[in-house]
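Residue-level listing of the chains:
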Amino acid sequence: ERARIEGELGAVEQFLRESAGDAGADALAEQIGIEPGYELALTAVLGRRLRAAVVGDISAGQSFLDRIGEDGGSAMVAGRARSAAVVPPPQGAERLLDKLNAAGGAASVVEPLLADVWVVESLESLAADFGGIAVTKSGRVYFGATGELRQAPAGGEQRVLAERNRRDSLSEALTVAKDAEASA
């Protein structure tokens, strides 16, 4: 059992290493976690922002952008994002932010971005004047302020988040297997 778990964990780690973008460990996606089942919803709302480097100030952001050159990218300055007024939730909605955990500067970046994001069963039930952001677990998102409707593709950033959750689960299972081996 231990060997199987170690093999699976190795494959997940390899995938995560190969998926790291230009920002590497500084990427927003590397600094946040999401409850299993909510990965596609988070990806639908944040999109390419998940690959953005989280930096301490504008100067660090500009240095990052200079390093990646003409390929382009983005950086998000910790502590600089501001949230709009929180919109009342649709009936029965869950706050996406409550499903998330973020470390360090990532929290100051992601909290304003997700302040008015609600996970709903269906977008059809939204009031006509809903001005927040509503998203389904399947990755369909509605931005009330602009009227934009978007579907996140499966894979990509969602897979990275799901594989990170899987890595955490496998790490826990490996610890259990090692403990069982040691006590046998």
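Bear in mind the structure is a predicted one, so any value in this text is a computation, not a measurement.

Novice: Go over the pattern of salt bridges with me, naming the residues and quoting the values.
Specialist: Side-chain pairing between opposite charges can occur once the charged atoms of the two side chains come close. For the structure on display, the rule yields eight salt bridges. Put simply, E1 and R4 hold a salt bridge, and the shortest N to O gap is 2.9 Å. When the shortest N-O distance is used, the salt bridge between K99 and E94 registers 3.1 Å. Residues participating in the shared-partner salt-bridge network are E1, R4, E8, E163 and R166.

Novice: Residues and numbers for the pairing of strand β9 (residues 148-151), please.
Specialist: For strand β8 (residues 140-143) and β9, the ladder comprises four bridges, and the chain directions are antiparallel. Looking at the pairing, Y142 lines up with L149 of β9. Here β8 hands over to β9 after four residues, with G147 in that stretch at a positive phi of 80 degrees.

Novice: Account for the sheet that holds strand β7 (residues 133-135), naming residues and giving values.
Specialist: One open sheet holds the five strands; their spatial order is β4-β6-β7-β8-β9, and the pairing between them is mixed. Unpaired on one side and paired on the other, β4 (94-95) and β9 mark the two borders of the sheet. By the bridge criterion, three bridges tie strand β6 (residues 117-119) to β7 in an arrangement that is parallel. Each residue of the ladder has a partner; that of V117, found in β7, is I133.

Novice: Now, about the nonpolar core: what can you tell me, with residues and values included?
Specialist: L42, V45, L46, L96 and L114 are the most contacted members of the largest nonpolar core, which has 31 residues in total. Listing elements by their share of this core, those giving two or more residues are β1 (32-34), α2 (39-46), α4 (104-113), β6, β7 and β8. Element by element, the count of residues in this core is highest for α2, at six residues. Leaving out residues up to four positions away in the same chain, L96 has contacts with I34, Y38, A41, L42, V45, L114, V117 and V119. Ranked by size, the runner-up nonpolar core spans seven residues in total, among them W118, V120, F130 and A134.

Novice: Can you lay out the side chain of T136 for me, pointing to particular residues and giving the numbers?
Specialist: Tracing the backbone shows T136 in the loop between β7 and β8. Among the polar contacts made by the side chain of T136, one reaches the side chain of S138 at a distance of 2.9 Å.

Novice: How would you summarise the pairing of β8 if you had to cite specific residues and measurements?
Specialist: Burial of the side chains of β8 is restricted to one face: V141 and F143 are buried, whereas none of R140 and Y142 on the reverse face is. Note that β7 and β8 share three bridges and pair antiparallel. Residue pairing across strands places V135 opposite V141, the latter belonging to β8. Counting the residues between successive antiparallel strands, the hairpin from β7 to β8 contains four residues, one of them, G139, with a positive phi of roughly 95 degrees.

Novice: Can you lay out α2 for me, pointing to particular residues and giving the numbers?
Specialist: Helical geometry note: an α-helix holds 3.6 residues per turn, so side chains three or four residues apart project in the same direction. Across the eight residues of α2, eight count as buried, placing the element largely inside the fold. The positive-phi residue at the C-terminal boundary of α2 is G47, with phi of around 50 degrees.

Novice: Residues and numbers for the environment of R51, please.
Specialist: Here R51 shows up in the loop between α2 and β2 (53-55). For the pair R51 and E172, spaced 121 residues apart in sequence, the C-alpha to C-alpha distance is 27 Å.

About the cut-offs
- Residues numbered from 1 in each chain as written.
- Predicted model: local features only at pLDDT ≥ 70, side-chain atom pairs only at ≥ 80, totals over all residues.
- Heavy atoms only, no water.
- Salt bridge = Lys/Arg side-chain N within 4 Å of Asp/Glu carboxyl O.
- Pairing = 2+ DSSP bridges.
- Helix = DSSP H or I, 4+ residues; strand = E, 2+ residues; numbered from the N terminus.
- Core = buried A, V, L, I, M, F, W, Y, C linked by side-chain atoms within 4.5 Å.
- Buried < 20%, exposed > 50% of the residue type's maximum accessible area, 1.4 Å probe, protein only.
- Contact = heavy atoms within 4.5 Å.
- Polar contact = N/O pair within 3.5 Å; in protein donor to acceptor, adjacent residues only side chain to side chain.

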